[in-house]
Amino acid sequence: VSGFVLTYFPLKGRGEPIRLILADNGAKWTEDVIQFPDWFGGKCPVKKESVFGQLPQFSDGDFVLYQSNAILRYLGRKFGVAGSNEQEVAIIDMMNDGVEDLRLKFIRLMFFEFETGKEKYEKDLPNLLSAFEKVLSKNSNGTKFLVGDKISYADYNLLDVLHCQLNIFPDCLSSFPLLTAYKDRIASRSKLSEYLNSEECKSRPFVPKRG
């Protein structure tokens, strides 16, 4: 029995790339779901334990880790999907930082600027996505992954961020054939596909329901 426990809110959010890497690598994990009223109402002991007062929290047996990208890198190394040499390790890290930049822009839109900034964000999105299309084009003509011949933790992170964009802007990949094929190719990996098509995954919202 795996000792993996993901402690997070009842949404995809920053927990989803962690779920994707676990699912694709055949790992089982337990979800410890924290409800927002408990978290913000001071009824959640884990908030006081958290190093930075944030979730997700990830437990591997007695080992506890915070910060979603640190968790991703940890699991990347654990499952052997963090690069095959020093150069790949560095480039995967760089690409994951690029994904994080896009995620932060998306979070800002969804939580703070949805009514006022949606049009501008949609206009800027092709420019933001073009960097990933260009990177893909330079690796086996876009037929494989972000880096090298093997999937990495940055790919799981990018897949989720692309799903986030598509949830709000369904046509945002229409001018990006390599990114479209990449998204479909990774999502069709057997264990990942099984998770993505599960009721558990489908019923989990991308962000908290808007009031």
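An unreviewed UniProt entry lists the protein chain under the name Glutathione S-transferase, from Staurois parvus. In its Catalytic activity (unreviewed entry) section, the UniProt record describing the protein chain reads: "RX + glutathione = an S-substituted glutathione + a halide anion + H(+)".

**Student:** Got a minute to help me understand the environment of Phe-132 in this structure?
**Tutor:** With respect to the helices and strands, the residue Phe-132 is situated in helix α5 (residues 86-137). Since its relative accessible area comes to 5%, Phe-132 is described here as buried. With 47 residues separating them in the primary sequence, Phe-132 and Leu-179 have C-alpha atoms 7.4 Å apart. Non-local contacts of Phe-132, meaning those with residues more than four positions away in its chain, are made with Met-95, Gly-98, Val-99, Leu-102, Leu-146, Leu-158 and Leu-179.

**Student:** Got a minute to help me understand the environment of Lys-118 in this structure?
**Tutor:** On the secondary structure map, Lys-118 appears in helix α5. Separated by 50 residues in the primary sequence, Lys-118 and Ile-168 have C-alpha atoms spaced 9.5 Å apart. When near neighbours in sequence (up to four residues on either side) are disregarded, Lys-118 contacts Leu-109, Glu-113, Ile-168 and Phe-169.

**Student:** Even after reading the chapter, I still don't get the pairing of strand β1 (residues 4-8), so can you show me in this structure?
**Tutor:** Remark: a regular strand shows side chains that alternate across the two faces of the sheet. Counting buried positions over the five residues of β1 gives four, a clear majority of the element. Note: β1 against strand β2 (residues 30-33), four bridges, orientation parallel. Within β2, the position partnered with Val-5 by the bridge is Thr-30. Once the chain exits β1 it traverses helix α1 (residues 16-24) before rejoining the sheet at β2, and the crossover so formed is right-handed.

**Student:** Would you mind showing me how to read the UniProt feature "domain: GST C-terminal" (unreviewed entry) in the protein chain here?
**Tutor:** What UniProt calls "domain: GST C-terminal" (unreviewed entry) maps, in this numbering, to residues 85-209. Helix makes up 72% of residues 85-209 and strand makes up 0%, while its end C-alpha atoms are separated by 42 Å.

**Student:** What exactly am I supposed to notice about the side chain of Asp-24 here?
**Tutor:** By the element assignment, Asp-24 lies in helix α1. The class of Asp-24 is buried, set by a relative accessible area of 10%. One polar contact links Asp-24 to Tyr-156, side chain to side chain, over a distance of 2.6 Å.

**Student:** Can you walk me through the pattern of salt bridges in this structure?
**Tutor:** Between side chains of opposite charge, a pair can form when the charged atoms approach closely. Evaluation of the coordinates by the stated rule reveals twelve salt bridges. Between Asp-24 and Arg-189 there is a salt bridge, and its shortest N-O distance comes to 3.0 Å. Within this pair, whereas Asp-24 is found in helix α1, its partner Arg-189 is found in the loop between α7 (177-187) and α8 (190-196), the two being separated by 165 residues in sequence. Overlapping salt bridges, with partners in common, bring together Glu-16, Arg-19, Glu-31, Glu-200 and Arg-204 in one network.

The rules we used
Residues numbered from 1 in each chain as written. Predicted model: local features only at pLDDT ≥ 70, side-chain atom pairs only at ≥ 80, totals over all residues. Heavy atoms only, no water. UniProt positions renumbered as here; feature names shortened; annotations may be inferred. Helix = DSSP H or I, 4+ residues; strand = E, 2+ residues; numbered from the N terminus. Buried < 20%, exposed > 50% of the residue type's maximum accessible area, 1.4 Å probe, protein only. Contact = heavy atoms within 4.5 Å. Pairing = 2+ DSSP bridges. Right-handed = clockwise from strand over helix to strand, strands pointing away. Polar contact = N/O pair within 3.5 Å; in protein donor to acceptor, adjacent residues only side chain to side chain. Salt bridge = Lys/Arg side-chain N within 4 Å of Asp/Glu carboxyl O.

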